[in-house]
Amino acid sequence: MSKFDIKKLLQSVVSHGASDLHLVSRSEPQIRMSGALKPVNLPIMTGDDIEEMCYSLLTEKQKQEFEEHNELDFALEIPGMGRFRGNYYKTMGDIAAAFRVIPIEIPSLDDLSAPPIYKDLIKREKGLILITGPTGSGKSTTLAAMLNEINLTEHKHILTAEDPVEFIHRNKKAVFSHRNVGPDTNSFASAMKYALRQDPDVILIGEMRDKVTIEAGLTAAETGHLVFGTLHTSSAPGTINRIIDVFSGDEQPQIRAMIATSLVAVVAQMLLPKLGGGRVAASEILTTNHAISNLIREDKVHQIYSQMQIGQGDTGMQTQTQSIMRFYKDGRISREVALQYANKPEEVARALNV
């Protein structure tokens, strides 16, 4: 009989208010609290312990997929406890696992203290809105809150393609079609290829990870759909460069023109440890206007940052430095955190008068 019970471990993650559970051989189970890993008071696990726990959650098909590819993404719902996103992988020949808690109750934009401009962005009829940031920066939660706001206020068909589906929305005014990459559609690219025949008003692309998906997302945004997507980039101007760099040199002018026409906003966010526990989301917000669109079209993305600092009262734009400094002045984060997490530490240092 195993000394570990995966369901009890997942329950302890939920009851501690932790975000993640890590199971790696030669270590005790670890949970992530306010961004930091903490060991659970249990014995050190072997690869066999983890395999026994992890396989108990899988279908035969999932076991087969994991054994074939040595990687597996899946979503798991345990009644009375919650939903989790699971990832199994191999380390030194042993199975390892990471679980992320997905809240059943979808937060509102007000719950997240999101900047007021988010409510304006979701009222757009068409265009591309990108939520970016490193892994674990709350992208999925922000997107879920934005879609929840549409669900509360608009009669629309919202189509999501995710790997796996994380937040499950209950239809209020909107109708949701959630599609899992794998069980429901072969790939993000395939989901996007057929999406326009499914009469959506709003499309969520879980990850814009390749050329075909990016192109399809831009086309959908151009042709009258509001498209949300995520990328693993840390700044708003950097996100635009990342998309352009996916394409070859001769394709780039056309892609720049598509982005200049379709892009509505880029929100680059990062979670910072808060004084007294918990975390806050620092957001860099870029919204497109005539000047920004011209810079994208003319291959002058490097000039966008200085444009973001101009006329912010009218545009709703903010730099990451401004977001961080607001939290520092409000006493929510320490000076050390402000400098450690800044994309431009020298700019934050000047603002702090270091």
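Just above, that's the structure.
Given the structure is predicted, the values throughout are model-derived calculations rather than measurements.

Undergrad: Quick one: what's the story with the packing of aromatic side chains, residue by residue and with numbers?
TA: Applying the stated criterion to the full structure yields 5 aromatic pairs. Relative to Tyr88, the ring of Phe74 lies with its centre 5.0 Å away and its plane at 75°, an arrangement referred to as edge-to-face. One end of the pair, Phe74, is in strand 4 (residues 71–78); the other, Tyr88, is in strand 5 (residues 82–91), with 14 residues separating them in the sequence. The exposure class of Phe74 is buried, given its relative accessible area of 3%. A relative accessible area of 0% means that Tyr88 is categorised as buried. Look at Tyr88 and Phe99: their rings are 6.0 Å apart centre to centre, the planes differ by 80°, and that puts the pair in the edge-to-face class.

Undergrad: So, helix 2 (residues 47–55): which residues are in play, and what are the values?
TA: Listing the buried residues of helix 2 in full gives Gly47, Asp49, Ile50, Met53, Cys54 and Tyr55. As for helix 2, its buried residues are in contact with helix 1 (6–15), strand 1 (20–23), helix 3 (60–69), strand 5 and strand 6 (94–102).

Undergrad: An account of the sheet that holds strand 6 is needed here, citing residue identities and associated values.
TA: One open sheet accounts for 6 strands, arranged 3-2-1-6-5-4; its pairing is antiparallel. Pairing within the sheet leaves two strands with one partner each, and these edge strands are strand 3 (36–39) and strand 4. If you compare each strand with its neighbour and ignore which way they point, the axes differ by 25° on average. Where strand 1 and strand 2 (residues 30–33) come together, 3 bridges link them in antiparallel fashion. Paired with His22 across the strands is Gln30, a residue of strand 2. In this fold helix 1 packs onto strand 1, strand 2, strand 4, strand 5 and strand 6, with an angle of close to 145° to the strand it touches most, strand 1. Sitting on the sheet, helix 2 touches strand 1, strand 5 and strand 6, and the angle it makes with strand 6 is about 45°.

Undergrad: Let's hear about the nonpolar core: which residues, and what values?
TA: Leu286 and Ile304 are the most contacted members of the largest nonpolar core, which has 38 residues in total. Those residues in contact with Leu286, other than ones at most four positions away along the chain, are Ala236, Ile240, Val264, Ala265, Val266, Ile292, Ile304, Met308 and Met317.

What counts and what doesn't
Residues numbered from 1 in each chain as written. Predicted model: local features only at pLDDT ≥ 70, side-chain atom pairs only at ≥ 80, totals over all residues. Heavy atoms only, no water. Phe/Tyr/Trp six-rings, centres within 6.5 Å; stacked < 30°, edge-to-face > 60°. Helix = DSSP H or I, 4+ residues; strand = E, 2+ residues; numbered from the N terminus. Buried < 20%, exposed > 50% of the residue type's maximum accessible area, 1.4 Å probe, protein only. Contact = heavy atoms within 4.5 Å. Pairing = 2+ DSSP bridges. Axes fitted to C-alpha atoms, helices over the stretch in contact; angles between N-to-C directions. Core = buried A, V, L, I, M, F, W, Y, C linked by side-chain atoms within 4.5 Å.

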